[in-house]
Amino acid sequence: MTLTDTSPVSDNSKDTNLVPELLGPWSLIWRKFKRHRLAYFSLWFVGFIYLMALFGEFLTTQDINETNRRAPFAPPMSVQLFTNDESGTSQFLLHARGLKLELNEEERRRTFVEDPDKIIPLGFFVEGYDYKLLGLIPLNTHLFGAKNPRDRVYFFGADRLGRDIYSRIVMGTRVSMSIGLVGVALSMVIGISLGGISGYYGGWIDNIIQRLIEFIRSIPTIPLWMGLAAAIPLGWPPLRTYFVVTVIVSMIGWTSLAREVRGKFLSLRKEDFVTAARLDGLTDWEVIRRHMVPSFSSHIIASLTLAVPLMILAETSLSFLGIGLQPPTVSWGTLLKEAQNIRTIIQAPWLLIAPGTMIVMAVLALNFLGDGLRDAADPNAH
Amino acid sequence: MTEPVIEVRGLNKHFNIGGGFFSKPNDVVRAVDNISFDVMRGESFGIVGESGSGKTTLGRCMMQIIKPSSGSVKFHGTDLVGADQKTLRQIWQAIRMVFQDPQSSLNPRLRVIDLIGQSISKAEGLKGAALADRVSELLTKVGLRPEFLHRYPNAFSGGQRQRLGIARALATNPEVIIADEAVSALDVSIQAQTLNLLKDLQEQYALTYIFVAHDLAVVEHFCDRIAVMYLGQIVELSTTTDLFQNPKHPYTRALLEAVPIPDPRARKPRRLKGEAIPIVASKGCRFSPRCPHATDMCRETVPTTRKIDGADVLCHYAGDI
């Protein structure tokens with residue numbers, strides 16, 4: 001279109017074919033997000049962790065509640081690819097080296113050492129204990145493990161009762177990761193509704209909600225949690241305890257989200273396009289739903305993603321302190337609790353390292369993912 | 001041109017400055033201060049003033065986007081002030097608004113068809129193909145191609161976006177369009193195009209415009225009557241020719257003299273001293289601190305609007321100086 005053109009209808013017909021396919025806001029966000037390598041990788045990693053939570057039993061090698069008197073504090077076994085048979089030739093066989101107990105003269109107690117003669121062949125899709133996949137399909141196939149169901153492998157070692165740490169971490173994923181999701185969903189509901197009311201209507205309602213948030217935030221977290229958790233009767237079934245712990249964890253989580261939503265509402269309320277939408281005859285609710293929410297939903301998704309790791313850490317801290325989930329329930333927090341005293345850590349450091357690494361990796365991945373989403377959702381960032 | 005469409009009477013909007021939860025406001029800004037005027041059917045009514053004069057607030061108070069503190073805005077006899085939401089939505093179909101910045105008034109996340117179509121589907125319940133037809137028709141009316149229907153606003157240039165804004169305003173077949181600085185975000189040649197478009201549409205659909213602007217050159221060619229605002233008050237209201245040829249209020253004179261003349265040998269205009277301070281003492285004429293003709297009377301007594309040669313002027317000495 002030339003500058004002095006007064007009849008643009010006829011004039012700009014020539015550029016029809018030059019206009020590329022125009023992308024909507026969501027595809028633009030996705031394109032920007034994919035360029036963020038670390039976040040993109042984290043998305044896959046987080047997806048993998050959630051799959052692990054979903055298909056936990058399939059990935060485990062042993063029943064998590066099965067104890068083994070002969071393997072308390074067994075160290076992680078090494079996995080090797082080749083064996084030497086009698087003639088001394090090397091042969092390919094995926095296997096783990098078994099362990100045997102030996103008296104350690106120096107320490108004057110019995111310790112585990114690797115037994116070169118005991119070879120545990122490993123395989124994929126092996127037979128193991130019975131379980132129900134997704135709670136529906138009865139199965140006894142496991143992705144990998146010892147070929148002989150009676151052999152026991154400890155990839156990450158065993159705890160004081162000889163239970164397999166690896167399997168317990170895999171199963172703990174379900175509780176720990178879902179507590180993050182459920183907790184965030186709960187904070188989202190409270191946070192968005194209270195923050196939305198606060199920001200859209202303003203005035204005295206805003207004042208009351210903001211003071212409430214400030215009050216909640218001024219309470220020291222750990223004592224508050226402890227107080228609330230102390231109210232959970234010990235006799236409650238694990239599922240109910242789990243639910244209450246989630247509620248407790250999200251009691252704090254919603255405040256920051258509510259503030260963010262409020263801020264967004266406050267700034268959007270004054271935007272011309274919101275005024276214009278109101279003048280178009282839309283009701284308050286329609287304006288919120290069609291114009292305001294879409295313009296900050298990507299931002300909210302990013303904040304929610306960033307809130308998930310906080311929830312996970314909160315659950316872990318609670319369970320570690322012994323006021324969250326109780327031992328029959330397996331979560332990363334209850335696993336860490338096993339590594340509470342110094343002697344255990346010296347004797348069996350894998351009790352701390354294995355679940356600890358898992359938590360750190362999950363939290364980091366979720367944080368990177370959230371950062372990437374936030375950057376991609378911000379139209380002003382480059 | 002004789003029948004008033006909109007009658008504004010004693011409109012006030014006061015903003016409290018400072019103060020908090022427990023304390024009283026420290027100061028009051030009278031952004032719109034006791035303003036009254038009529039807008040006649042089919043005319044273009046200009047409202048001009050420097051920034052901070054309250055012209056945008058006035059436009060928004062008329063639409064009830066900002067609730068006025070007091071006064072009345074009557075549209076065909078129905079008062080908008082204090083009207084319920086249902087009545088307001090009805091009237092918002094007849095009085096439409098074009099915003100200054102098309103970038104911010106068009107939601108970047110909605111397609112053209114949704115942006116322009118939402119008022120139609122709200123007002124008439126049109127959907128699907130019928131709605132698409134109506135929106136393409138509107139796009140053609142404002143000189144855009146109907147194929148742009150499914151594009152997002154970011155695919156348009158500034159001038160095209162303002163055309164979208166105009167199409168959106170036209171969507172409900174309005175009687176009155178309040179254009180709030182509708183062309184000031186555009187460059188000069190696009191301004192001319194847009195103004196021509198507005199003129200054409202006015203002839204075609206017998207529209208009445210309330211044109212808020214700060215650019216005198218724009219209103220001079222566009223408006224039939226002009227109200228000059230200073231610190232929330234209309235200091236002079238008269239026909240365009242009269243205002244430009246025979247300005248009566250000293251502020252109007254200063255404004256007209258400040259229009260740059262594209263001639264290097266032209267006489268340098270007298271500059272106004274000081275600046276418009278929105279928080280003013282209740283005593284005297286608001287323009288008196290900057291007025292070259294101010295006397296003790298100006299500083300002591302509040303002037304009242306007087307009719308001089310067909311113009312409404314808010315000055316003690318208008319006509320004499």
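### What to know about the overall build of chain A
- Of the regular secondary structure elements, chain A holds 13 helices and four strands.
- Considering only C-alpha atoms, chain A reaches an extent of 95 × 60 × 40 Å along its principal axes.
- Counting across all 382 residues of chain A, residues that qualify as buried make up 35%.
- Restricting the contact set of chain A to residue pairs at least 6 apart, pairs at least 24 apart contribute 67%.

### Things to note about the overall build of chain B
- In terms of helices and strands, chain B carries 11 helices and 12 strands.
- Against the globule reference of 20 Å for 321 residues, chain B gives a C-alpha radius of gyration of 21 Å, in line with a compact fold.
- Overall size of chain B, expressed as C-alpha extent along the three principal axes, is 70 × 60 × 40 Å.
- In chain B, the share of contacts with a sequence separation of at least 24, taken over all contacts with a separation of at least 6, comes to 64%.

### Quick word on the domain arrangement of chain A
Residue and element names in this part refer to chain A.
- By domain assignment, chain A separates into domain 1 (42-54 + 169-377) and domain 2 (70-162).
- Computed over C-alpha atoms only, the centres of domain 1 and domain 2 are separated by 38 Å.
- At the interface, eight residues of domain 1 touch seven residues of domain 2.
- No other element matches the three residues that helix α13 (residues 350-377) contributes to the side of domain 1 that touches domain 2.
- The residue makeup of the side of domain 1 that touches domain 2, split by class, is six nonpolar, one polar and one charged.

### Concerning the nonpolar core
- Judged by nonpolar contacts, the single largest core of 161 residues is most densely connected at M311(A), A167(B), I178(B), I210(B), F211(B) and V228(B).
- When residues of this core are assigned to domains, at least three map to each of domain 1 (42-54 + 169-377) and domain 2 (70-162) of chain A.

### Details of the packing of helix α5 (residues 165-201) of chain A against helix α8 (residues 238-269) of chain A
Residue and element names in this part refer to chain A.
- Closest axis-to-axis distance for the α5/α8 pair is 5 Å, and the angle between their directions is 40°. When the interaxial angle is binned, α5 and α8 end up oblique. The handedness of the crossing between α5 and α8 comes out as right-handed.

### Details of unusual backbone geometry
All names here are of chain B.
- In this structure, Q64 takes a positive phi of about 65° despite not being glycine.
- Position of Q64 relative to the elements: it lies in the loop between α1 (55-62) and β4 (70-75).
- Taking the number of C-beta atoms within 10 Å as the measure of exposure, Q64 has 20 and is therefore buried.
- Of note, the phi angle at D309 is positive, near 50°, even though the residue is not glycine.
- Counting through the fold element by element, D309 comes out in the loop between β11 (306-308) and β12 (311-313).
- When the 11 C-beta atoms within 10 Å are taken as the criterion, D309 is described as exposed.

### A look at the environment of G125(B)
- The residue G125(B) is located in the loop between α4 (112-124) and α5 (128-141) in this model.
- Counting along the chain gives 101 residues from G125(B) to I226(B), while the straight-line C-alpha distance between them is 38 Å.

### Concerning helix α6 (residues 158-170) of chain B
Residue and element names in this part refer to chain B.
- Taking 1.5 Å as the rise per residue, α6 with 13 residues should run 18 Å; its terminal C-alpha atoms sit 19 Å apart, in good agreement.
- Among the 13 residues in α6, 12 count as buried, and that is most of the element.
- Of the surrounding secondary structure, the elements contacted by the buried residues of α6 are β6 (95-98), α3 (102-105), α4, α5, β7 (176-180) and α7 (188-205).

### Re the sheet that holds strand β9 (residues 225-230) of chain B
All names here are of chain B.
- In spatial order, the strands read β6-β7-β8-β3-β9-β10-β12-β11; together these eight strands make up an open sheet with mixed pairing. Strands at the two margins of the open sheet, each flanked by one partner only, are β6 and β11. Going from strand to strand, the sheet's axes swing by 20° on average, the running direction of each strand aside.
- In the sheet, strand β3 (residues 44-48) pairs with β9 via four bridges, with the strands oriented parallel. Its bridge partner lying in β9, F45 is registered against R225.
- Of the strands in this sheet, β9 and β10 (233-239) touch helix α10 (residues 250-257), which is tilted by about 100° from β9.

What counts and what doesn't
- Residues numbered from 1 in each chain as written.
- Chains lettered and ligands numbered in written order.
- Predicted model: local features only at pLDDT ≥ 70, side-chain atom pairs only at ≥ 80, totals over all residues.
- Helix = DSSP H or I, 4+ residues; strand = E, 2+ residues; numbered from the N terminus.
- Buried ≥ 20, exposed ≤ 12 C-beta atoms within 10 Å, placed from the backbone.
- Contact = placed C-beta atoms within 7 Å.
- Rg over C-alpha atoms; globule rule 2.2 N^0.38 Å.
- Domains from an automatic or database assignment.
- Nonpolar A, V, L, I, M, F, W, Y, C, P; charged D, E, K, R; others polar.
- Core = buried A, V, L, I, M, F, W, Y, C linked by C-beta atoms within 7 Å.
- Axes fitted to C-alpha atoms, helices over the stretch in contact; angles between N-to-C directions.
- Parallel < 35°, antiparallel > 145°, perpendicular 65-115°, else oblique.
- Left-handed = near helix turned anticlockwise from the far one by under 90°.
- Expected span 1.5 Å × (residues − 1).
- Pairing = 2+ DSSP bridges.

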